[in-house]
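Survey of secondary and tertiary structure
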Amino acid sequence: MSSILRTLEFLTLGLWLGSDVFLSFVVAPGAFRVLGSRDAAGTMVGFALGRMHLLGVICGIVFLLARLARTRTFASFVAPVALCVVLMIALTVASQIGVSPRMAMLRVQMGSIQATAEDSPLLAEFARLHRISVLLESGVLLAGLAAFYFMVKELPVSS
């Protein structure tokens, strides 16, 4: 049972990180290259980001539950790997609840980001929130890479 739970930990973290990398380095750049307008690309990326955030939070919770079931102690939650996953969840929730809705509201107010004047305060606020969103996603990615490192480090070394 321990091997199954450990596999579930690796699987959930891998799914989360894989989806983050795929969205950041494939979907988002591709949408802005392929779709006809920045507005359409932004809408598509925003939709995908919301789904990825939901997947990430679910993966994080399943990871922590699998870890608890495997170790049978709440003390394992203060291990570096668990703290990294908790940080990932917190950053993801902050982005999804604190940043994304405000960006969506600004999109509606502007009507079209593409057609909004460069000196618009709405566009400036949108750009600021976008930078925060990118920083939060970067934090999730870095914490996830650190979590993977700590998980591998926890594995017993065989000779």
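For every chain, the first residue of its written sequence is number 1, and the numbers climb from 1 along that sequence. Thresholds applied to this predicted model are a pLDDT of at least 70 for local features of residues and 80 or more for the giving and counting of side-chain atom pairs; totals over whole chains, interfaces and linings are not thresholded and use all residues. Side-chain numbers here rest on the full set of heavy atoms in the structure, without hydrogens or water.

Because an α-helix packs 3.6 residues into every turn, residues spaced three or four apart end up facing the same way. Helix and strand assignments come from DSSP, with helices taken as H or I runs of at least 4 residues and strands as E runs of at least 2, each series counted from the N terminus. One less than the number of residues in a helix, times 1.5 Å, gives the span that helix is expected to have. The terminal C-alpha atoms of helix α4 (residues 121-154), which comprises 34 residues, lie 49 Å apart, in line with the 50 Å expected from a rise of 1.5 Å per residue. Relative accessibility under 20% of the residue-type maximum defines a buried residue, over 50% an exposed one, and the middle range a partly exposed one, all with a 1.4 Å probe and only protein chains included. Along α4, the residues classified as buried are L123, F126, L129, S133, L136, E137, V140, L141, A143, G144, A147 and M151. Structurally, the start of α4 carries an N-cap: the backbone nitrogen of L122 is 3.1 Å from a side-chain oxygen of S120. Any N or O atom pair separated by 3.5 Å or less is treated as a polar contact, with the protein-specific requirement of one donor-capable and one acceptor-capable atom, and with residues adjacent in sequence counted only for side-chain atom pairs.

As a further point, take the packing of aromatic side chains. When two rings of Phe, Tyr or Trp (its six-membered ring) have centres within 6.5 Å they constitute a pair, described as stacked for plane angles under 30 degrees, edge-to-face for angles over 60, and tilted for the intermediate range. Across all of its chains, the model carries 3 aromatic pairs by this definition. Relative to F77, the ring of F74 lies with its centre 5.8 Å away and its plane at 75 degrees, an arrangement referred to as edge-to-face. When the centroid spacing of 5.4 Å and the interplanar angle of 65 degrees are considered together, the rings of Y149 and F150 count as edge-to-face. Among the residues examined, F150 registers a relative accessible area of 25% and is labelled partly exposed.

Our next topic: the state of the cysteines. When two cysteine sulfur atoms are found within 2.5 Å, that pair is recorded as a disulfide. Within the structure shown, the criterion is met by 0 disulfides. With no disulfide of its own, C59 has C84 as its nearest cysteine by sulfur position, at a separation of 16 Å. On the basis of relative accessibility, which here comes to 12%, the residue C84 falls in the buried class.

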